[in-house]
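Results of the structural survey
Chain by chain, the residues run as shown.
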Amino acid sequence: LSEDLPVPEIHDEIADLTVSFNQMSSKLEEAFAMQKRFSQSAAHELRTPLTVLRTKVDVFKKKKEHTSEEYDNLLSVITTHTNRLSELVKDLLDLTNMDDLDYDEQIELNALLQDVVEELIPLTKEKNITINVNGTSKSIAGNKSLLHRAFYNLVENAIKYNTENGTVDICIGDSADHAVVTIADTGIGIPKELEELIFEPFFRVDKSRSRQIGGAGLGLSTVKTIIEKHNGVVSVSENETAGSRFTIQL
Ligand code: ADP
């Protein structure tokens, strides 16, 4: 697969076919490499909480008698890491279960975004974040539950990676043939050279910090897959003042 076929000298149909085969072969190779990277990262992410659980239980088993604090501590470690495992499995399933859905539902974007914001109000309380929703009322066709998930992930990130007393501005705009939603935050921002990479599965800008905040780095790759399923585009840029601005064209 990795070696290209020699392209025959004469420019005829065989030569054209050979070029097409070589192009297909390199596309396939790229897809296999991507699949391999994805499986390796998924295995790594699943192994980390499993290792912590096994080590904790092994240490616990070695001691004959335990205090109630030791029991409580073990239970809390088990709860935290099993929750993390089940979130990860859910995120992995979400990424693969997008076919055979109805993409023709009528969705009112303003109402959808209001619902997302409503659900995330408890999270805003932790850092006293203000969310503003502005813009035109815009109806589009698509899958409601997938778009809800995509916007939820984006607004959740805009809160999670924001600073104390920060703001999230959501704007729904309208152009001739598509809707444009921007989600701008006043948070920590994303380094320019990493703007493309953050949509890759499992990518986190700061692995240790993001792990504390939570999430395996699948949120934005899920967003990208959902938006592309709707023939849309998602991109990120720097916000004028500080933080990040995500733009979704649908
Ligand atoms: P995670 O589960 O880590 O939040 P995501 O795929 O949603 O994964 O995001 C990938 C990474 O992109 C995050 O770990 C974070 O470093 C960065 N990121 C995403 N959204 C924002 C944002 N609004 N502001 C700053 N950094 C962000």
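All figures in this text were calculated on a predicted structure; none of them were measured in a lab.

**Topic: the environment of L194**
- As for its position among the elements, L194 is in the loop between β5 (179-185) and α5 (207-213).
- On a C-alpha basis, the gap between L194 and V205 in space is 7.6 Å, while along the polypeptide they are 11 residues apart.
- Non-local contacts of L194, meaning those with residues more than four positions away in its chain, are made with F203 and V205.

**Things to note about the sheet that holds β5**
- Read across the sheet, 5 strands follow the order β2-β4-β5-β7-β6 without closing on themselves; strand pairing throughout is mixed. Unpaired on one side and paired on the other, β2 (130-135) and β6 (233-238) mark the two borders of the sheet. Across the sheet, the mean angle separating the axes of adjacent strands is 15 degrees when strand polarity is ignored.
- Sheet analysis places β6 next to strand β7 (residues 244-249), joined by 6 bridges and oriented antiparallel. Note on β7: the bridge partner recorded for V236 is F246.
- Against the sheet, helix α3 (residues 109-127) contacts β2, β4 (167-174) and β5, and its axis sits at roughly 175 degrees relative to β2.

**Observations concerning the pattern of salt bridges**
- Under the criterion given, the structure shown has 9 salt bridges.
- Taking the shortest distance from any N to any O, the salt bridge between K138 and D174 comes out at 3.0 Å. One end of the pair, K138, is in the loop between β2 and β3 (139-142); the other, D174, is in strand β4, with 36 residues separating them in the sequence.
- E195 serves as the salt-bridge partner of K192, at 3.3 Å between the closest nitrogen and oxygen.
- Looking at K192, the relative accessible area reads 54%, which means it is exposed.
- Connected through shared salt-bridge partners, E45, R84 and R204 make up one network.

Scoring rules and cut-offs
Residues numbered from 1 in each chain as written. Predicted model: local features only at pLDDT ≥ 70, side-chain atom pairs only at ≥ 80, totals over all residues. Heavy atoms only, no water. Helix = DSSP H or I, 4+ residues; strand = E, 2+ residues; numbered from the N terminus. Contact = heavy atoms within 4.5 Å. Pairing = 2+ DSSP bridges. Axes fitted to C-alpha atoms, helices over the stretch in contact; angles between N-to-C directions. Salt bridge = Lys/Arg side-chain N within 4 Å of Asp/Glu carboxyl O. Buried < 20%, exposed > 50% of the residue type's maximum accessible area, 1.4 Å probe, protein only.

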